[in-house]
Amino acid sequence: MAPASRTAAQDLKTLCDLLAPIVGEDRAVWVLDTLEIDPALGGGKDRASRAQVAMALNAALFLDLLDRVPTAARYVSEMREKGEAIVFDHGALRTIAGETGALPSGHEAFLRFLAPLGYEVSGLYPLPALTMTGRAFVQTDLPETVPQFFVSELHIDQLPQPAQDAAARIFGASSDPLGEAEWLALNTIGRHSDCSIEDGITILKGALAAFARQHPAPALEDYQTLLEHSKEGAWIATEGNAFNHATTRVADVQAHSEELKAAGYPLKPAVEISRNGRVRQTAILADKVARPFSLADGGETSLDVPGSFYEFITRDIALETGKLDLTFDSGNATGIFAVTRGA
């Protein structure tokens, strides 16, 4: 990463203090200099608000996605070179509604620690073509400027029995990344809406660990069985609960899409348009990643599978409220999910 100015470290000291022990000072400054940050998140006090911890979590997850998705890193680097800040709209993740060992099932695994950071479920989005349901988590203090989470869950009990059995073997031994220290800190911020910087760092370390694969590497046979019936389930088998994608909010997603196609980016063919016409989305096709699989003879192999990707969204003002339309759309989401199917 190129050197960043130190303006971010000065104006956003609390955010930098939260991030630096986790990602390093240079990377903390870089990401805060890259993202458009609401001035309300600025300052440098000895306590962090829940919105500041939420923004720091999103910044760290944004860095993680860039580390895993070279095409996304290329895009963000080019925007920085143009002097354009990234407006981080939302991040998405996939979960399993089914047998998940010590990990709570489905979206509850994330709502339990995002709620103390000010998040609540603002919308429910059925995704029947994918055997999934999506939920929008919005940060209620700064809903337009702290990124949302779009959390989808795969309904294992609606899959054919062979896929259910394979899923139970893959996800049934999942562990819970949150322990006593994290819950003590989360209880503090949940009660007071702020916490010490030290507690904020503890929360961030635990929360970041939750955005990972909590189960062992899948058996190849189980992966192939699940893949046959749910490509989204197979994706979770290799990637876990990592950010499936991060999304930049842009002024005109159609025009931006054409510019990126001309620059050689592998975008999905068409822009998705919500039923109300106010939310428009497209995405870069998912990068491939090499992932391990266990074999029946006790050995291990590696395959290239779809990884994460980068998305773009345009949100219009809702005339009835005069505010930015922060909703999602089931049809849009179903179309966007396809970019991890053919990578």
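Look a little higher up for the structure.
How each quantity is defined
The written sequence of each chain sets the order in which its residues are numbered from 1. Note on the predicted model: pLDDT of at least 70 is required for a residue's local features to be given, and 80 or more for side-chain atom pairs to be given and counted; whole-chain, interface and lining totals, by contrast, use all residues. Values reported for side chains reflect all heavy atoms of the structure, with hydrogen atoms and water molecules removed beforehand. Strands are runs of DSSP state E lasting at least two residues, helices are runs of H or I lasting at least four, and both sets are numbered from the N terminus onward. Our radius of gyration looks at C-alpha atoms and nothing else; its globule reference is 2.2 Å times the residue count to the power 0.38. With a 1.4 Å probe rolled over the protein chains alone, any residue whose accessible area is under 20% of its type maximum counts as buried; one over 50% counts as exposed, and the rest are partly exposed. Residues are treated as being in contact if the distance between any of their heavy atoms lies within 4.5 Å. A strand pair is defined by DSSP finding two or more bridges across the two strands. By salt bridge we mean one thing: a side-chain nitrogen of Lys or Arg within 4 Å of a carboxyl oxygen of Asp or Glu. For helices, the fitted line uses only the C-alpha atoms of the stretch in contact; every axis is such a line through C-alpha atoms, and the angle between N-to-C directions lies from 0 to 180 degrees. Note that the term roughly parallel is reserved for angles under 35 degrees, roughly antiparallel for angles over 145, roughly perpendicular for angles of 65 to 115, and oblique for everything else. Crossing handedness: left-handed means the near helix sits turned counterclockwise from the far one by under a right angle, and right-handed means the same turn made clockwise. Amino acids are sorted into nonpolar (Ala, Val, Leu, Ile, Met, Phe, Trp, Tyr, Cys and Pro), charged (Asp, Glu, Lys and Arg) and polar (every other residue, Gly among them). N or O atoms within 3.5 Å of each other form a polar contact, as long as, within protein, one can give a hydrogen and the other can take it, and as long as residues adjacent in sequence are counted only when both atoms are side-chain atoms.

**Q** Tell me about the overall build of the protein chain, and please be specific about residues and values.
**A** Counting its regular elements, the protein chain contains 13 helices and 14 strands. Its C-alpha radius of gyration of 20 Å places the protein chain within 12% of the 20 Å reference for a compact globule of 343 residues. Dimensions of the protein chain, computed from C-alpha atoms along their principal axes, come out at roughly 55 × 50 × 40 Å. Counting across all 343 residues of the protein chain, residues that qualify as buried make up 55%. Looking at the protein chain alone, contacts between residues at least 24 apart form 72% of all its contacts between residues at least 6 apart.

**Q** Got a sec to walk through the pairing of strand β10 (residues 288-294)? Specific residues and values, please.
**A** Across 7 bridges, the pairing between β10 and strand β11 (residues 300-306) is antiparallel. Looking at the pairing, P292 lines up with S302 of β11. As consecutive antiparallel partners, β10 and β11 are separated by 5 residues, and within that stretch G298 has a phi angle of approximately 95 degrees, a positive value.

**Q** How would you sum up the pattern of salt bridges? Please name residues and give values.
**A** Throughout the structure, instances matching the rule amount to 19 salt bridges. The closest approach of N and O atoms between D33 and R80, which form a salt bridge, is 3.9 Å. Within this pair, whereas D33 is found in helix α3 (residues 25-34), its partner R80 is found in helix α5 (residues 70-81), the two being separated by 47 residues in sequence. Its salt-bridge partner being K261, residue E258 comes within 3.9 Å of it at the nearest N-O pair. One end of the pair, E258, and the other, K261, are both in helix α12 (residues 253-262), 3 residues apart, so they sit about a helical turn from each other. Here the residues in one salt-bridge network are D89, R249 and R315, joined through shared partners.

**Q** Account for the packing of helix α7 (residues 161-171) against helix α10 (residues 220-229), with residues named and values stated.
**A** A packed helix pair is summarised by two numbers, namely the angle formed by the two axes and the spacing between the axes. Contact pair α7 / α10: the axes reach a minimum separation of 9 Å and the direction vectors enclose 130 degrees. On the basis of the axis angle, α7 is oblique to α10. α7 and α10 meet at a crossing whose hand is left-handed. Across from P162, A163, A166, A167, R169, I170 and F171 in α7, the residues of α10 making contact are D222, Y223, T225, L226 and H229. Each residue belonging to the contact of α7 with α10 can be placed in one class, and the counts come to 8 nonpolar, 2 polar and 2 charged.

**Q** Would you mind going over helix α13 (residues 330-337) in detail, with residue names and values included?
**A** Of all 8 residues in α13, 6 are buried, a share of seventy percent or more. At the N-terminal boundary of α13, the capping side chain belongs to D329, with an oxygen 2.9 Å from the backbone nitrogen of G331.

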